[in-house]
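Observations on the model geometry
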Amino acid sequence: MSGKTLYDKLWEGHVVRSNPDGTTLIYIDRHLVHEVTSPQAFEGLKLAGRKLWRADANLATADHNVPTTGRSAGIADPVARLQVETLDRNCTQFGIVEFGMNDPRQGIVHVIGPEQGATLPGMTVVCGDSHTSTHGAFGALAFGVGTSEVEHVLATQCLLMTKSKNMRVRVDGRIPAGVTAKDVILAVIGRIGTAGGTGYAIEFAGSAIGSLSMEGRMTVCNMAIEAGARAGLIAVDDRTIDYLRGRPYAPAPQLWDQAQAAWRRLYSDEDALFDREVQIDAAAIAPQVTWGTSPEMVVGVDGRVPDPEREKDATRRESMRRALEYMGLAPGTAIGDITIDKVFIGSCTNSRIEDLRAAAAVVKGRRVARTIRLAMVVPGSGPVKAQAESEGLDKVFAAAGFEWREPGCSMCLAMNADRLEPGERCASTSNRNFEGRQGSGGRTHLVSPAMAAAAGIAGRFVDVRSWN
Amino acid sequence: MQKFTTLSGIVAPMDRANVDTDAIIPKQYLKSIKRSGFGPNLFDAWRYLDQGEPGMDHSRRPLNRDFVLNQPRYAGASILLARANFGCGSSREHAPWALLDYGFQAIIAPSYADIFFNNCMKNGLLPVILDESRVQRLFEQTIAQEGYRLNIDLGRQSVTTPSGETMHFDIDPFRKHCLINGLDDIGLTLEHVDDIRAYETRRRQEAPWLFR
Ligand code: SF4
């Protein structure tokens, strides 16, 4: 018999019951909650007269709708305010710990989970949010769910599931200077496509993945969903364990050794079989820039916008045409000739301290181009913001003409006041370049923090590898 | 949950691959704390010429006449014909809520994104999977023939065209059972409370740090 994959081990460790119809009841260790996808679930629970199964498995925060300036004045938009207040009320009523808008620990749900040690190896982690895949960086089985499943978890601490297939993406070799975790995952999506991982849990492995910091691994797993996979996974190693030591929700000192021993078994066996394997050479990856309206529409910064007329598949050709029309780009345009209007550094993909350091290093002692209408940095959480300020990064950004904001999702999806106006073009460190994602008619180019920062200074895309 | 057994309805063709849930229901409408009322904002950015915001009178907004759902021939459609990877992106269940609220009861596509597919099933919106070539044929027929209708029979797992051609589709037996009977997952899971408690007891011993 062949060995087990990391995904197999996590799955088997959480089986509550295998039903004769082929479904499995899976136990959920951690449920993260935010204001947008939970109100209808709490309401459903109340209407059915059901109780919350286990309060201590839940952790909540308000992130999608919160303003990134003038927090003390509250939320101006009454609809958004009601949603955030509804979360506050539900958490109070059900006894769930919530980092409310003015809590120093508040932040993007996928940033605060790991930061607090509330995401641990070997856990199942769910949230009513597709980027829950982020937490898989810790050797946890983490995936996004819809609101009905949020309600199911609140009521039963379980989910009814069918097992996914196993895929491994191996990235081997040395990641070149100026190339980051963001470029690695964009290159992976460029290779396998946005539906390439549908039906799979993707384990990221190989020496290049192993060389990434925990922040970088989170960036990679974060965008597994952009490759179609609900879950991204990375095996536990020393770096995982070092990151977690001493965090508020990490195991107490008397349980630490026991926990650590259990976590060290979280890897795929040598002889484990994967349903699909993909190999990528890290050394060949250039800084990536998306040119279209799907994360798979991506090229290296030294490349050009492709020509739809050269695409053989009719449906793809039509998608490319539409994307170029929406993006206001002509085929053959060099990426370096694309000028931008706004810069957004933030989101659950790239708003951690390492991301802010990388961006600050690029802008230090420089000024944003005169043509830039807005350049903003939105830290992922209160603690990230505090850390950055203690290192003086806020001053570096401010001196370069970047706005320094309060933590939240912000212009990643523009539910609050931070958004693109129609036709505006943005270098963004977020994860989705869908039509209208950052504001109706807005044009998003996904890039790494260093690339976004450099684009802000130059007013157009530049290759950070030649930045000095 | 709403039951699904059979459906005979007008088909509307959504001829784009990778339609994401941001397009199905844009973020500004996700501020609602309700499950209903999303229908007028289904495909909002494609459907109207102006920029939509919650609280507007959507019936007075200028329509994009070129958008497929605004064409009179597709009025009252209850089956959405779509391309590969439909529903990718955000996990928002507001997407199936909006489709249902608009009047769709089934979708036919070659493939769906995983979370969206699940969300449909939980709401009685049937996501039928047919292979690319069949879907392509259905697109051609729908566009060629005004008032084109399909019959979907979940019990038989079949889609039947006006000319009587029948195509079989696969569906997970458990999901089929839930849809036909309108069963609520939570109620089913709560029949296994003892199993959940037994698991928790074991887990508490094996991994006590997961419990506070
Ligand atoms: S930062 Fe963006 S992708 Fe991440 S949780 Fe918030 S809205 Fe979603």
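In what follows, the structure referred to is the one given above.
Residues numbered from 1 in each chain as written. Chains lettered and ligands numbered in written order. Predicted model: local features only at pLDDT ≥ 70, side-chain atom pairs only at ≥ 80, totals over all residues. Heavy atoms only, no water.

1. Examining unusual backbone geometry
All names here are of chain B. Stated precisely, the cut-off is as follows: With a 1.4 Å probe rolled over the protein chains alone, any residue whose accessible area is under 20% of its type maximum counts as buried; one over 50% counts as exposed, and the rest are partly exposed.
Non-glycine residue asparagine 18 carries a positive phi angle of around 55 degrees. Classification of asparagine 18 as partly exposed rests on a relative accessible area of 22%. Phi at phenylalanine 43 is positive, roughly 50 degrees, even though this residue is not glycine. In this structure phenylalanine 43 comes out as buried when scored by relative accessible area, which is 0%.

2. As for the site of the ligand
For clarity, the cut-off: What makes a residue near a molecule or strand is one non-hydrogen atom of that residue sitting within 4 Å of it. Each residue receives one of three labels: charged for Asp, Glu, Lys and Arg, nonpolar for Ala, Val, Leu, Ile, Met, Phe, Trp, Tyr, Cys and Pro, and polar for the others, Gly being one of them.
In the vicinity of the ligand, the contacting residues are A:His64, A:His110, A:Asp129, A:His131, A:Ser347, A:Cys348, A:Cys409, A:Cys412, A:Leu413, A:Asn431 and A:Arg437. Taken together, the residues of the shell around the ligand sort by class into 4 nonpolar, 5 polar and 2 charged.

3. Concerning helix H3 (residues 94-102) of chain B
To keep things clear, this is the line we draw: Under the DSSP-based scheme used, a helix requires at least four consecutive residues in state H or I and a strand at least two consecutive residues in state E, with every element numbered from the N terminus. Here a residue-residue contact requires only that any non-hydrogen atoms of the pair lie within 4.5 Å.
Among the 9 residues in H3(B), 7 count as buried, and that is most of the element. The inward-facing, buried residues of H3(B) abut helix H2 (39-47) and helix H5 (147-156) of chain A together with helix H1 (21-24), strand E2 (79-82), strand E3 (106-109) and helix H4 (114-121) of chain B. Among the residues trailing H3(B), B:Gly103 stands out with phi positive, at a value near 130 degrees.

4. A few points about the side chain of A:Thr429
All names here are of chain A. Heads up, the rule is: Under the rule applied, a polar contact is a pair of N or O atoms within 3.5 Å (in protein, one hydrogen donor and one hydrogen acceptor; residues adjacent in sequence only if both atoms are side-chain atoms).
For threonine 429, the location among the structural elements is in the loop between strand E18 (425-428) and strand E19 (443-446). Judged by its relative accessible area of 0%, threonine 429 falls in the buried class. In this structure the side chain of threonine 429 is engaged in a polar contact, spanning 2.7 Å, whose partner is the backbone oxygen of glycine 346.

5. What about the sheet that holds strand E16 (residues 374-377) of chain A?
Residue and element names in this part refer to chain A. As a reminder, the rule being used: Each pair of strands is called paired provided DSSP finds at least two bridges between the two strands.
Spatially, the 5 strands line up as an open sheet ordered E17-E16-E15-E18-E19, and their pairing is parallel. Edge strands, defined here as strands with exactly one partner in the open sheet, are strand E17 (403-404) and E19. Both strand E15 (residues 342-345) and E18 contribute to a ladder of 3 bridges, which runs parallel. Considered in E18, the bridge of valine 343 is made with alanine 427.

6. Quick notes on the environment of A:Thr92
As for its placement among the helices and strands, A:Thr92 is situated in helix H3 (residues 78-94). Among the polar contacts listed, one links the side chain of A:Thr92 to the backbone oxygen of A:Asp88, at a separation of 2.8 Å.

7. Observations concerning the pairing of strand E6 (residues 124-127) of chain A
All names here are of chain A. Of the two faces of E6, the one holding Thr124 and Val126 and the one holding Val125 and Cys127 are both buried throughout. Pairing geometry for strand E3 (residues 30-33) and E6, over 3 bridges, is parallel. Across the sheet, leucine 32 pairs through a bridge with cysteine 127, a residue of E6. Judged from the 4 bridges that link them, E6 and strand E7 (residues 141-144) form a sheet pairing that is parallel. Bridge pairing in E7 links cysteine 127 to glycine 144.

8. Digging into the nonpolar core
Short version of the rule: In these notes, a set of buried Ala, Val, Leu, Ile, Met, Phe, Trp, Tyr and Cys residues joined through side-chain atoms within 4.5 Å is what counts as a nonpolar core.
Among the nonpolar cores identified, the biggest contains 108 residues, and A:Phe143, A:Phe204 and A:Trp263 are the most heavily contacted of them. Looking at which element gives the most residues to this core, the answer is helix H6 (residues 181-192) of chain A, with 8 residues. Excluding its chain neighbours within four sequence positions, the residues that come into contact with A:Trp263 are A:Leu120, A:Pro121, A:Val236, A:Ile241, A:Leu244, A:Pro251, A:Trp256 and B:Trp209. Counting residues in hydrophobic clusters, the runner-up holds 88 residues, among them A:Ile345, A:Phe402, B:Ile10 and B:Leu42.

9. Observations concerning the interface of chain A and chain B
Worth spelling out the cut-off: Buried area: the sum, over both parts, of the accessible surface (1.4 Å probe) that disappears when the two are put together. The term salt bridge refers to a side-chain nitrogen of Lys or Arg lying within 4 Å of a carboxyl oxygen of Asp or Glu.
Between chain A and chain B, the residue contacts involve 79 residues of the former and 57 residues of the latter. For the pair chain A and chain B, the summed buried area comes to about 5600 Å², and 55% of that belongs to carbon and sulfur atoms. Seen at the junction of chain A and chain B, the total is 9 salt bridges. The partner of B:Asp195 in a salt bridge is A:Arg17, and the shortest N-O contact between them spans 3.4 Å. Our count for the contact surface shared by chain A and chain B stands at 34 residue pairs in polar contact (both at pLDDT 80 or more). Every element with two or more residues in the side of chain A that touches chain B is listed here: strand E1 (15-18), strand E2 (24-27), H2, H3, H5, strand E8 (158-161), helix H10 (253-263) and helix H11 (314-327) of chain A.

10. Structural notes on the packing of aromatic side chains
All names here are of chain B. For clarity, the threshold we go by: Each Phe, Tyr or Trp ring (for Trp, its six-membered ring) is paired with any other whose centre lies within 6.5 Å, and the angle between the two planes then decides the class: stacked below 30 degrees, edge-to-face above 60, tilted in between. Geometrically, a lysine NZ or arginine CZ counts as sitting over a ring once it is within 6 Å of the ring centre and also within 35 degrees of the ring normal.
Within the structure shown, the criterion is met by 16 aromatic pairs over all chains. With a centroid separation of 5.8 Å and an interplanar angle of 10 degrees, the aromatic rings of phenylalanine 43 and tryptophan 46 are classed as stacked. Comparing phenylalanine 43 with tryptophan 46, the two get one shared label, buried. In this arrangement the basic side chain of arginine 16 is found over the ring face of tryptophan 46, its NZ or CZ atom lying 3.7 Å from the centre.

11. As for the pattern of salt bridges
In this structure the tally under the stated criterion is 42 salt bridges over all chains. Of the charged contacts, one joins A:Glu318 and A:Arg321 as a salt bridge, the two residues approaching to 2.8 Å between their closest N and O atoms. Of this pair, A:Glu318 and A:Arg321 both sit in helix H11, 3 residues apart, which is roughly one turn of the helix. Take A:Glu318: its relative accessible area is 30%, and that puts it in the partly exposed class. Residues participating in the shared-partner salt-bridge network are A:Glu149, A:Arg230, B:Lys122, B:Arg175 and B:Asp185.

12. Some remarks on the packing of helix H12 (residues 353-363) of chain A against helix H14 (residues 393-400) of chain A
Residues and elements named next belong to chain A. So the rule is basically this: Here an angle of 0 to 180 degrees is reported between the N-to-C directions of two axes, which are lines fitted to C-alpha atoms, with helices fitted over the stretch in contact. Angle categories are assigned with fixed cut-offs, so that under 35 degrees is roughly parallel, over 145 is roughly antiparallel, 65 to 115 is roughly perpendicular, and the rest are oblique. In a left-handed crossing the near helix is turned counterclockwise from the far helix by less than a right angle, and in a right-handed crossing that turn is clockwise.
Where H12 meets H14, the closest approach of the two axes is 9 Å, and the angle between their N-to-C directions is 40 degrees. Judged by the angle between their axes, H12 and H14 are oblique. As H12 runs across H14, the sense of the crossing is left-handed. Judged by residue contacts, Ile353, Leu356, Arg357, Ala359, Ala360 and Val363 of H12 engage Leu393, Val396, Phe397 and Ala400 from H14.

13. Details of the sheet that holds E3(B)
Residue and element names in this part refer to chain B. The 7 strands lie next to each other as E4-E3-E2-E1-E5-E6-E7, forming an open sheet whose pairing is mixed. This sheet does not close on itself; its edge strands, each paired only once, are strand E4 (126-129) and strand E7 (166-168). Adjacent strand axes in the sheet meet at a mean angle of 30 degrees, parallel and antiparallel pairs treated alike. Sheet analysis places strand E1 (residues 6-14) next to strand E5 (residues 149-153), joined by 5 bridges and oriented antiparallel. Residue pairing across strands places isoleucine 10 opposite arginine 149, the latter belonging to E5. Packing of helix H5 (residues 132-144) onto the sheet brings it into contact with E1, E2, E3, E5 and E7, and relative to E2 it is tilted by some 120 degrees.

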